Amino acid sequence: MEIHNIKPERSEPSTTHLHHLDFIHRLHIPTPIFSYRSFYLPPSSSSILVIFLHRTIMPGSLEDRYIRLELIRVKDLPLPSERIPAGFYVSINVDSKRRWKSAVRVVSSDEFEVLGDIVILSLCEVPKLSAEIRVSYELSRMLGNGEVVAKLESSFSFIRIYSHLDNSFPSVHGIHLRAAVLHPCDDHGSALLDSIVESETARETDVGHERFVTYVTSKTVSHLNDAVQHFQLVLDQCPVGHPDRAGALTNLARACLKGYIENDLQDIDYIASLFRKVLALRPQGHPDHPLSIYHLTEALTRRYSKENFTTVYIHESAQLYCMLLPLCPEGTYLHSMVQGVHGVDYVICACNKLPIDAFNEGIHIQVVLKLCPLGHKLRPQTLSKLAWFLGLRFEQCGSIDDLDECIQRSREAVSLCSEGHSNRASYLITLAHPLLSRFHHRGNSHDLYEAIYLFEEALRLCPVEHRSRDFSLSHLGLALYARFCRCGDVNDITRNVSLQRGALTLCPRGNPNRHCMLNNLAIALKTRYGELNVSEDLDEAIDLFRDSLQLRPHGHPLRHTVLHNLSLVLCSRFTQTQKDEDVEEVIRLCQESLEALPSLHPNRSSSYSWLGEAYFSRYEVQRKSVDLLFAVENFRLASRHPTEGFPNRIRRAIKWACHADLYRHDSALEAYQISLELFENHVITRSSTVLRREAATAFRDAQLLPVAAASCAIHYDDLRRAVELLEQGRGQQWSLASRLRTLLEDLKSASPELTHKLSGISKRLSDNHGSASNTDRAAVDRAAIEYRRLQAQWEAVVAEIRNLQGFSRFLLPPSYEDLQAAACYGPVIILIASRYLCSAIIVVTSGDLHHVPLPPTTFTDLKNLKDRFARAIRHASIMGPKVPRNDLIVLLRTVWDNIMLPIVNVLQNDLEITAPISNLAMSNCRFHVHPSPRSSPLSNKGRSLEKLIYICSYTPTLSVLIRSRQMKKKRIPPSFVVIGQGQPRAGKSKELLVVDSEIELVRNLVPETINRTTISGDAATRAGALQALQENNWMHLACHGKQDREQLYNSRFVMKDEPITLLDIMEKDIPHAEFAFLSACHTAVGDEETPDEVIHLAAGLQFSGFKSVIGTLWEVDDAVAKHVVKAFYDNMFEDLEDGVVMDCTKAAWALNRATHTVKTKVPLEQRMVFIHVGV
């Protein structure tokens, strides 16, 4: 609070008695705009100034007294010049030479504000009150005296005294003063007065303001010219460096801008340049910086509205408003003006109306969004506009970040538009469209299903005659077309045709959207032709594409899409008619589309692909080698195009590989290699094991990819490459999950810092589990974006590690030399079955690989053999235990003669592995049966095998086997847990009566020197079993086992309350674990939907840390399984002396011995059911 005292010539101290005094006096205001209510004298045409005085009257004359004036509030100031003031102040004129001026205050829009300017005047010194309310156009140094908006002249003798007024004086609008008359009992002092000595610049400025106000009220151009002349004169007197130059520039620019607005002046470039100079002189932090920004924005927006809506002006205004809004506190006059309809809202609306291609990399709608905080009425519209822009940029550049942000912004726009909002349908389409694009780019089916739902909802909100109905119909049809391509339901494509015809009907000739509807209907008809082979559909599609192409002339941004689509249908017709003109036109159309697209446009991949298809089609007819060469090169470009999504690149790479392999082109191996790399890069983008499997199963031919690649390598006699391709393509789920559990001991010694960094990021990646079942799709999107961010960090750290000496192949697919370590304890046999060949590769620790052709056996034979085995097993399960299993014996002898015997011959004759017992690790690639020589003691030729026994174990991949052996180097004292659950909760599964006896049997068979634990009955819960799994390194599990063929990671062991799923097991990291016996059904049955994956419960336990696992291939008969269990542990623990550590590597041998021991007690199919997995 500032207090100014005007001292009288004499002062006589006396006692002061306070009495309340209130009075109202007329205030003469140039332009009355106030309205008043309650306690006031009848007004004339002038407005009213309300002054509150505290009664402080003492007996005696006024000469003995002082008056204390306090300015309380100013609101709704009249502004004859229509110019935004920086603030206001009060000037009290004592006489012609002296006055008192208050500080300049920011104009506030608050209801009441105590401003604190106090002046004490001597009534003898100032017998008459002469006050002016002026607005200032500078908060800092003032140039001139500003503009007068109110005057007050009053003699203090007119004060009327009132008594007993309550404290709540009626609220009024206008200018409020509070006054008190004081008795001079104390030395109150007196305010210091300013001498009224005006400089020439101040006088010229004041005259300029007066002329300008006259122009505003009269619209007479001569007054404007006079004002400009005076302001220019002041500017001339304020050269560069003068403290008043910014004020002079502002006054001149404001006068000229008003003339421009009224069409009396035209040079807006000059006006804008003046405001820019002002802004340069008033940088951030200057008191007048906000108002200077506002002046420039007003000049730019006025220019935008008057000069054909040039986008650069409105863009700059938006940027300036982003700077200005944080500098305008709520409650200030400037804030109210900025937030008005002619302020920031005008800029937002103008930007939202701009054509979408008007936004470029430097200036786009992101700036405008900053002007629309939460709660702003224009925020949904701005979010939608931003989403469209991001979607367009994605289509042009292929950045997944743009697409993700597009979806995020669209979701927010939809969330802000509740049911019944007039634009809800449009916002739903704005969200559904990028979801469909992301499905095409990344292959996530949840995006597709959500897009279909949103399009259906939008169509419901767009009845006939609705302006968006054509788009709703067409976009829903496109989403159904995508679902047809994914799922193959012909009803989707049938409905798509109907929807597209409806959309086209709503777009007659002359409609700007007709070219889109023609194109989309043609796509639907082409798809139906491919499914139903109706030639009329193909002909109509070609005609529609040609009509659409005519509506998209050269230079049209979407012309390339019709060129693509027309080339596709013409290529289809060429395969039927083999007319050269069709394929020639296809090549020409694709080349034109490539010429029209920038080098990194995502759709170039499609153009390359269809051009390759055309050359392949012509090669098939004309057999010209140059066409094959061109086809391969275009498919190479299509699959390597960096901005296209992985799903499309994978399909094109597979097509390239299949064509090249079919015609024995030497690029086939390259194509397979690229296919596998793209497949892994695609799957790795998923944040969870379940989502990765979903991504892997989305490709119909992907299951055959690794064995097809290996077959191709075998054809070129490159066995090492065949093994590497198989390892890279098989077991991707395991390898992608295990990379986050990589043993880092060697790396820690080379770089502790990178080891720590990689471990931290790996931990965060492991914790960031996406969920396919999460219904909050916005949360799922955020988790996916975070996962991709972490993934990028992880890849960057791995790249750093590979720069270290000795770590160049860190976490890269293993080379053949790395994989040879899997054969250190015996040969590894890889069985390969493809449509090209069936054979085996034998991996040994030293020397060359051995290829074993299996010429009598074909892929079809194996499929038939699988079906026959399944029938024989089912038939045997209902036979008596003593009845011979003749069908199974015949099948096993077929397996022996056609598959195992050729391998044994190589082992015996070429490799000279003739020891009585040898361990073989077997890895099946698309073999639908598990061949095992221990199951067939005699060949069909009667040859005895009693002296030549090969014991087989199975491994998902060679890398898994190597990893298990590496973890086995560290041993800890054994602890054995037996878990049994024969009485699951009602409704879960049937009761297993023999579980308790099996638990007791195993417990008694385990040596007493071993730490043993039993968990059964009510204690065998999900949590209890998982805890026991982590706390023990040997385990026997007896319970129900269930394979879920729809979702393999939901395969489970049934406990008392909730099951233990394969996913639960995989999430455990138990590096000290040794052995597990799974006495449950279906624990080692693989996945036929993913590329040669071995995804089952036994493999999951091996992944979590168990080195050696006994699993089952089908249903176990509890009545006889105990015989195998007893024989197994008898062999496992025989000759186990005190102090000797149990050895899990004996498990395969013990199982082999056990099945032979019980052959008189256990039927053949129940001996075959058990297999060994691991070391």
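Since the model is a prediction, treat every value here as computed from it, not as a measurement.

Parameters at a glance
Residues numbered from 1 in each chain as written. Predicted model: local features only at pLDDT ≥ 70, side-chain atom pairs only at ≥ 80, totals over all residues. Heavy atoms only, no water. Helix = DSSP H or I, 4+ residues; strand = E, 2+ residues; numbered from the N terminus. Buried < 20%, exposed > 50% of the residue type's maximum accessible area, 1.4 Å probe, protein only. Contact = heavy atoms within 4.5 Å. Areas by Shrake-Rupley, 256 points an atom, 1.4 Å probe, with all protein chains shown as cover. Disulfide = S-S within 2.5 Å. Pairing = 2+ DSSP bridges. pLDDT = per-residue confidence, 0-100. Arc of directions from axis to C-beta. Axes fitted to C-alpha atoms, helices over the stretch in contact; angles between N-to-C directions. Parallel < 35°, antiparallel > 145°, perpendicular 65-115°, else oblique. Left-handed = near helix turned anticlockwise from the far one by under 90°. Phe/Tyr/Trp six-rings, centres within 6.5 Å; stacked < 30°, edge-to-face > 60°. Lys NZ or Arg CZ within 6 Å of the ring centre and 35° of its normal. Salt bridge = Lys/Arg side-chain N within 4 Å of Asp/Glu carboxyl O. Patch = residues over 30% accessible without salt bridge, like charges linked within 9 Å, V, L, I, M, F, W, Y side chains within 5 Å. Lys, Arg positive; Asp, Glu negative; His and termini not counted. Charge placed at Lys NZ, Arg CZ, Asp CG, Glu CD. Core = buried A, V, L, I, M, F, W, Y, C linked by side-chain atoms within 4.5 Å.

A. Fine view of the overall build of the chain. Tallying secondary structure elements over the chain gives 41 helices and 25 strands in all. Put simply, the chain has 1175 residues, and 56% of those count as buried. Looking at the chain alone, contacts between residues at least 24 apart form 72% of all its contacts between residues at least 6 apart. Carbon and sulfur atoms make up 51% of the accessible area of the chain, which amounts to about 50600 Å² in all.

B. Region of the structure containing the state of the cysteines. Taken as a whole and assessed by the stated rule, the structure comprises zero disulfides. Here Cys351 is not cross-linked by a disulfide; its sulfur's nearest cysteine counterpart is in Cys322, at 9.3 Å. Look at Cys351 and you get buried, because its relative accessible area is 0%.

C. Spotlight on the sheet that holds strand β22 (residues 1060-1061). Overall, antiparallel pairing links the three strands, which are arranged β20-β21-β22 in an open sheet. The sheet terminates laterally at β20 (1041-1042) and β22, the two strands that pair on one side only. The pairing of β20 with strand β21 (residues 1052-1053) spans two bridges and is classified as antiparallel. Residue pairing for β21: Gly1041 is matched across the bridge by Phe1053.

D. Layout of the side chain of Arg303. Note on placement: Arg303 falls in helix α5 (residues 289-306). Using a relative accessible area of 11% as the deciding quantity, one classes Arg303 as buried. Excluding its chain neighbours within four sequence positions, the residues that come into contact with Arg303 are Tyr260, Ile268, Asp269 and Tyr313.

E. Helix α24 (residues 689-696), seen in detail. Where burial is concerned, most of α24 is hidden: seven out of the eight residues are buried. Listing the buried residues of α24 in full gives Thr689, Leu691, Arg692, Arg693, Glu694, Ala695 and Ala696.

F. Inspection of the confidence of the model for the chain at higher detail. In the predicted model, the chain carries a mean pLDDT of 80, and the fraction of residues at 70 or more is 80%. Contacts of residues 1-60 to residues separated by more than four positions or lying in other chains number 192 contacts, the stretch itself having pLDDT below 50. Ignoring residues within four places in sequence, the model shows residues 157-174, a span with pLDDT below 50, making 38 contacts including any to other chains.

G. Summary view of helix α35 (residues 995-1005). Burial in α35 covers these residues: Val995, Glu998, Ile999, Val1002 and Leu1005. Down the axis of α35, the sector holding all buried residues measures 130°, keeping them to one side. Exposed and facing more than 90 degrees away from the buried side of α35 are Asp996 and Asn1004. On its buried face, α35 is in contact with β17 (975-980), β18 (1011-1016), β19 (1034-1038), β23 (1075-1079) and α39 (1118-1132).

H. Just the packing of helix α21 (residues 625-640) against helix α22 (residues 646-662), in detail. The geometry of α21 relative to α22 is characterised by a closest axis approach of 8 Å and an angle of 155° between their N-to-C directions. Considering their axes alone, α21 and α22 lie roughly antiparallel with respect to each other. The crossing of α21 and α22 is left-handed. On α22, the residues that touch Val632, Phe635, Arg636, Ala638, Ser639 and Arg640 of α21 are Arg649, Arg652, Ala653, Lys655 and Trp656.

I. Structural view of unusual backbone geometry. A positive phi angle, near 60°, is found at Asn533, a position not held by glycine. Position of Asn533 relative to the elements: it lies in the loop between α16 (514-532) and α17 (535-550). With a relative accessible area of 55%, Asn533 lands in the exposed category. Residues other than glycine seldom take positive phi values, yet Asp717 does so here, at roughly 60°. Exposure remark for Asp717: the relative accessible area of 64% places this residue in the exposed category.

J. Representation of the pairing of strand β25 (residues 1170-1174). Here β25 lies mainly inside the structure; five of its five residues are buried. Looking at chain direction, strand β24 (residues 1108-1112) and β25 are connected through five bridges and run antiparallel. Counterpart to Ser1108 in the pairing with β25 is Gly1174.

K. Layout of the packing of aromatic side chains. The tally for this structure, following the rule as stated, stands at 16 aromatic pairs. Judged by centre distance (6.4 Å) and plane angle (35°), the ring pair of Phe212 and Tyr215 falls under tilted. One end of the pair is Phe212 and the other is Tyr215, both in helix α1 (residues 200-218) and three residues apart, which spans about a single turn. The pair Phe212 / Tyr215 is uniform in exposure class, with both members buried. Ring centres of Tyr619 and Tyr663 lie 5.1 Å apart, and the angle between their planes is 80°; on these two criteria the pair is classed as edge-to-face. With Tyr619 in helix α20 (residues 604-622) and Tyr663 in the loop between α22 and α23 (668-683), this residue pair connects regions lying 44 residues apart in the sequence. An aromatic cluster is defined as three or more aromatic residues linked by ring pairs; in this entry it consists of Phe976, Trp1034, Phe1075, Phe1077, Phe1128, Tyr1129, Phe1133 and Phe1170. In this arrangement the basic side chain of Lys306 is found over the ring face of Tyr260, its NZ or CZ atom lying 4.1 Å from the centre. Its end group placed over the ring of Tyr836, Arg664 keeps NZ or CZ at 6.0 Å from the ring centre.

L. Structural view of the pattern of salt bridges. Throughout the structure, instances matching the rule amount to 45 salt bridges. A salt bridge links Glu82 to Lys258; its shortest N-O distance comes to 3.0 Å. Here Lys258 lies in helix α3 (residues 245-261) and Glu82 lies in the loop between β4 (66-74) and β5 (87-93), a separation of 176 residues in the sequence. One salt bridge connects Arg1022 with Asp1064, and the closest N-O pair in it is separated by 2.9 Å. One end of the pair, Arg1022, is in helix α36 (residues 1022-1031); the other, Asp1064, is in helix α37 (residues 1062-1066), and 42 residues separate them in sequence. Taking relative accessible area as the criterion, Arg1022 reaches 31% and is therefore assigned partly exposed.

M. Local environment of a negative patch on the surface. A cluster of acidic residues, Glu536, Asp539, Asp543 and Asp547, forms a negative patch at the surface. Tracing the backbone through its elements, the reader meets Glu536 in helix α17. For Glu536, a relative accessible area of 53% corresponds to the exposed category.

N. Inspection of the nonpolar core at higher detail. With 285 residues, the main nonpolar core has Met1035, Phe1053, Phe1128 and Tyr1129 as its most contacted residues. If sequence neighbours within four positions are ignored, Phe1128 has contacts with Phe1075, Phe1077, Ile1110, Ala1147, Ala1150, Leu1151 and Ala1154. With 13 residues, the next largest nonpolar core counts Ile761, Tyr787, Trp794 and Val798 among its residues.

O. Molecular detail of the pairing of β5. In terms of burial, β5 is largely enclosed, as six of its seven residues are buried. Here three bridges tie β5 to strand β6 (residues 98-101), and the two strands are oriented antiparallel to one another. Bridge pairing in β6 links Asn93 to Arg99.

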